[in-house]
Amino acid sequence: AAGATFEAPCQLVEALLRRADDRRDLNERARLEDTLAACDATSETRLERLRARGALAAEERALRASLRLAPDRDELLGDLAEVLGAEGRPDDALAALAALVERAPADPSLRVRLADAQAAIGHEAEARRTASAALALRPDAADVRRAARALAVPLPLDAYRLDGRAVIADFAVSGRHYDAPAVVVLDRAVERVFPDGAQMTLTHEIVRVQSKDAIDRWAEVEVPAGAEVLTLRTHKPDGTTREPEEIAGKETVSAANVAIGDYIEWELLEAKGAAGAFAPGFLGDRFYFQSFDAPLDRTELVLVTPRLTKLAFDRRAGAPAPRAQDGPDDTTVTTFATTSVPQLFVERAAVPAAEYVPSVRASSALGFQVWTRYVAEQLFGTTRSSPALRERARLLATRPSAAPSNAAPDDRARLASAVVAWVTENIEAADDLRDGATETLARGSGNRLALILALLRELGVPARPVLARSRLVAEAAAPAPAQELDDFADALVEIDLPAGRAPVYVDPRLRHAAFGYLPPNLDGARTLSLPDGRLGVARSSGTADHRSVDVTIRLDEQGGGVAVATEELTGWPALEWAELVEKFGTDRARLRQDFEQRWLGVQFPGARLRDLEVTLPRDAPGAGVQPVHVRYSFVSPQLAVRGDHEIKLLPTFFRSQPGHRFATEPRRSTTLVLGFDVPFHMTATVELPRAAKLVEPLGAAAEGRVERKGAYRFVEERRRRAGSPDVDVLVLTRESTLPLTRVAPADYPGVAADLRRVDGLEQQEIRIRLRGARGAR
């Protein structure tokens, strides 16, 4: 290679030196190392070669030479400290590490290295001081805590730990008894907030198991990811303890040798860095003072914060009041505690637990505007333009498409509808909202929200992202405390239409949806605009949710028969069918099998599908407002039950059964959440066997109606209709409307009575007398 001309001689020599590793010519390697030293004295490859050869003196000289050329390279100084230590010069190594710490005082890992080196040569007092300084900098860093613990430096929460044996002894002598499979003797969390907003949480639980079921429930302790186990043991009645069993690959740790009457104790330590959104403020986890798992003998939350921190609390459902006192190290210790708390039991379809279980969530320097500005900053740049974006916007602007049928045919609505339809149809959705629009467009998957916003901006359509709080979490009118800002978890696009028209809201996750359609849990949900933190309410402006069924059934004298049904679907049920058809594609056999097993067999047990035809809207953007039609026919050996000279028809198909689903308890202590059921209408025409007659009454009044203004509505109607000669026809009509509705415990008895009445109307059998039977006409 002598005399060769190339642009990067140092890189070439490095490559030759790497290849020389497999050769036995030591002189050649030495020449290459000398050449590389002359070419680039700071080369990592040369230093690695010297280290591999054990040439410590040469490596020291090379490192000092490199530091003269590049004095700002901290990693070279760290390598020099390692070489000096290996050469048996610990004082010089410590001096190098001390210089490194002085150059980067905010790096706790450097202090850990210095403490390790100090401890290695017996300077334990200095090592503890160094570890203490590192702990003060980053108490949330796991390597810092490990070093501090190894050097017997107290951790920030060590002073707040309790002796589990003492807690168990106090409970044993108290005489308190709980008639339950298990009792939580201690349920305690200590949360330390540091001046920079970092948090450390100590969780301490002690459970007494009082039944075999409790052993199955509590003997497996789940350790959260990243948590450090401080204590995990089983206390036997004789005062001895058993250590846990760890099995590789298990997500839980098994408490050892647990028997009825034993106590299981565990302590976990978790830490997290300061939240970028509101540091040095913080947002703690919600702590509950009552449990669905067991009664709580002693439950408490201890919050340790800097003295000047202004705290705010979201206390709910009679949570204990705070007691504050001065703590060590210029802190304030705030305690929430209570005792002898009975176990809670789940009630069906209840509101979220945070609404009625006593709880506290603490925070500082928190606000919706702070949060929304932070989220907006995270999304900044995701809608940046590019040639590809501009070209896609041009194509969408020129493609022919009909405006949504529920909107005036103005350009803004047409363009917005085209953008939303194209993105949701052609881009696979991903969860990360920080993906860029151009990147998402290029790979065909990613951040739909950013891509929709970017394309709308290119087309001059004003739009912005908003966060929505699902109505399953809280109704729009419910308070929105800042501590629950993470309830606003659904990202929507708010699109401005011309003056005088309400904004349109779009859920980017939905494919095949009509423009402006929102699912039931977001229709009427409270929203939070980015970045100004303005609160609003999202309204669906697309097609409404509805399902109508028209079915004709021909009964035979054995109770079997054939049927033909047509369903017309809009809104959510139409989206479900569109997704199902897309899932199976051209495989109609699998689609038929899925429909027969998952739907037809539920409504008509034992039925066998004959034909199935699904018609989806395939027009331009906005066509999703058109209904989906599903037509099918089937045969069933037992649509009714054959008896002596009569058959009994139990119309179990397409029932709503709200009483069975929502009104099983005699009374309630928690608010009931009804719905959401898609508004439904069915007309079933049942043609009886020849000469068979309906027996009056038809199992119910001519019309049964159950309704409550502003809430639910159910209609059940049965009537005879004249058919062909000697053929009676039964027409069964059902209607149901059950929106998302909250029912207070005081209103529950009346609502439950209504819903159970609906069940009774739908369950009434219909008797059909066959020809030749006594009394038949």
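Residues numbered from 1 in each chain as written. Predicted model: local features only at pLDDT ≥ 70, side-chain atom pairs only at ≥ 80, totals over all residues. Heavy atoms only, no water.

(A) Geometry of the layout of surface pockets. There is about 990 Å³ of room inside the largest pocket. Asp187, Thr203, Glu205, Arg286 and Phe287 are the residues nearest the centre of the largest pocket, which is lined by 33 residues in total. Elements with a contribution of two residues or more to the lining of the largest pocket: β1 (182-193), β2 (199-209), α11 (212-218), β3 (220-222), β7 (263-272), β9 (287-288) and β10 (296-306). Within this model, the second largest pocket holds a volume of roughly 770 Å³. (1 Å grid on protein atoms, 1.4 Å probe; cavity = no way out; pocket = protein on both sides within 12 Å on 5 of 7 lines; lining within 4 Å. Points joined across faces, edges and corners; volume = space filled by probe spheres on them. Helix = DSSP H or I, 4+ residues; strand = E, 2+ residues; numbered from the N terminus.)

(B) View of the side chain of serine 291. Structurally, serine 291 can be placed in the loop between β9 and β10. Separated by 2.9 Å, the side chain of serine 291 and the backbone nitrogen of aspartate 293 make a polar contact. (Polar contact = N/O pair within 3.5 Å; in protein donor to acceptor, adjacent residues only side chain to side chain.)

(C) Main features of the packing of aromatic side chains. As enumerated under the stated definition, the model contains 16 aromatic pairs in all. Ring plane angle 45° and centroid distance 5.8 Å describe the contact between tryptophan 577 and phenylalanine 595, whose orientation is recorded as tilted. Residue tryptophan 577 is located in helix α17 (residues 572-584), and its partner phenylalanine 595 is located in helix α18 (residues 588-603); the two are separated by 18 residues in the primary sequence. Looking at phenylalanine 595, the relative accessible area reads 3%, which means it is buried. Measuring from ring centre to ring centre gives 6.3 Å for phenylalanine 653 and phenylalanine 654, while their planes differ by 80°; the resulting arrangement is edge-to-face. An identical accessibility class is assigned to phenylalanine 653 and phenylalanine 654; each is buried. Of the aromatic side chains, those joined through ring pairs into one cluster are Trp577, Phe595, Trp599, Phe604, Tyr632, Phe634, Phe653, Phe654 and Phe680. Over the ring of tryptophan 218 we find arginine 217, and its NZ or CZ is 4.0 Å from the ring centre. In this structure, arginine 668 is placed above the aromatic ring of tyrosine 748, and the distance from its NZ or CZ to the ring centre is 5.8 Å. (Phe/Tyr/Trp six-rings, centres within 6.5 Å; stacked < 30°, edge-to-face > 60°. Buried < 20%, exposed > 50% of the residue type's maximum accessible area, 1.4 Å probe, protein only. Lys NZ or Arg CZ within 6 Å of the ring centre and 35° of its normal.)

(D) Spotlight on the pattern of salt bridges. Counting across every chain of the model gives 48 salt bridges. Residues glutamate 267 and arginine 161 are paired through a salt bridge, measuring 2.8 Å at the closest nitrogen-oxygen approach. Within this pair, whereas glutamate 267 is found in strand β7, its partner arginine 161 is found in the loop between α9 (142-150) and α10 (164-174), the two being separated by 106 residues in sequence. Residue lysine 236 pairs with aspartate 262 through a salt bridge whose shortest N-O separation is 2.6 Å. Here the residue lysine 236 occupies a position in the loop between β4 (228-235) and β5 (241-242), and aspartate 262 occupies one in the loop between β6 (252-254) and β7, the gap between them amounting to 26 residues. Accessibility assignment for this pair places lysine 236 and aspartate 262 in one class, buried. (Salt bridge = Lys/Arg side-chain N within 4 Å of Asp/Glu carboxyl O.)

(E) Representation of empty space enclosed by the protein within the structure. Within the structure shown, the criterion is met by four cavities of 30 Å³ or more. There is about 90 Å³ of room inside the largest cavity. Lining the largest cavity are 16 residues, with Phe714, Val715, Glu716, Glu735 and Glu762 sitting closest to its centre. Contributing elements (two or more residues each) for the lining of the largest cavity: β31 (703-707), β32 (713-722), β33 (728-738) and α20 (748-763). Of the volumes computed, that of the second largest cavity is approximately 60 Å³. Every residue lining the second largest cavity is listed: Val420, Thr424, Val506, Asp507, Leu510, Ala513, Ala514, Phe515, Gly516 and Tyr517. A per-class count over the lining of the second largest cavity returns seven nonpolar, two polar and one charged. (Nonpolar A, V, L, I, M, F, W, Y, C, P; charged D, E, K, R; others polar.)

(F) Summary view of the packing of helix α8 (residues 124-137) against α9. Contact geometry for α8 and α9: axes closest at 9 Å, N-to-C directions at 150°. Accordingly, the angle class assigned to the pair α8 and α9 is roughly antiparallel. As α8 packs across α9, the resulting crossing turns out to be left-handed. Where α8 abuts α9, its residues Ala131, Ala134 and Leu135 lie against Val144, Arg145 and Ala148. When the residues that make up the contact of α8 with α9 are grouped by side-chain class, the tally is five nonpolar, no polar and one charged. (Axes fitted to C-alpha atoms, helices over the stretch in contact; angles between N-to-C directions. Parallel < 35°, antiparallel > 145°, perpendicular 65-115°, else oblique. Left-handed = near helix turned anticlockwise from the far one by under 90°. Contact = heavy atoms within 4.5 Å.)

(G) Quick look at α18. Taking 1.5 Å of rise per residue, the 16 residues of α18 would be expected to cover 22 Å, and the 21 Å separating its terminal C-alpha atoms lies within 8% of that figure. At glutamate 596, α18 shows its largest bend, some 40°. Inspection of α18 places Leu591, Asp594, Phe595, Leu600 and Gln603 among the buried residues, and these make up the whole buried set. (Expected span 1.5 Å × (residues − 1). Bend = angle between axes of the 7 residues up to and from the residue.)

(H) Representation of the sheet that holds β7 within the structure. The strand order across the open sheet built from eight strands is β5-β4-β7-β2-β1-β10-β13-β12, with neighbouring strands paired in mixed fashion. Of all strands in the sheet, those with a lone pairing partner are β5 and β12 (323-327), marking the two edges. Taken together, the ten bridges between β10 and strand β13 (residues 331-341) define a ladder with antiparallel strand orientation. Opposite glutamate 300, over in β13, you have alanine 337 as the bridge partner. (Pairing = 2+ DSSP bridges.)

(I) Region of interest: the nonpolar core. If you look at the biggest cluster of nonpolar residues, it comprises 45 residues, and the most contacted ones within it are Ile553, Trp577, Phe604 and Tyr632. Apart from the residues within four sequence positions on either side, tryptophan 577 is in contact with Leu569, Leu591, Phe595, Val614, Val628 and Val630. Counting residues in each nonpolar core, the second largest holds 44 residues, with Leu366, Ala393, Ile427 and Phe515 among its members. (Core = buried A, V, L, I, M, F, W, Y, C linked by side-chain atoms within 4.5 Å.)

(J) Spatial organisation of the packing of helix α7 (residues 108-120) against α8. Where α7 contacts α8, the axes come no closer than 8 Å and their chain directions differ by 165°. With respect to each other, α7 and α8 are oriented roughly antiparallel. With respect to the hand of their crossing, α7 and α8 are arranged in left-handed fashion. Counted together, Pro108, Arg111, Leu114, Ala115, Gln118 and Ala119 of α7 and Glu126, Ala127, Thr130, Ala131, Ala133, Ala134 and Leu137 of α8 form the full contact between these two elements. Considering only residue class, the contact of α7 with α8 consists of nine nonpolar, two polar and two charged.

From the geometry alone we can't say anything about function, so treat these as descriptive.
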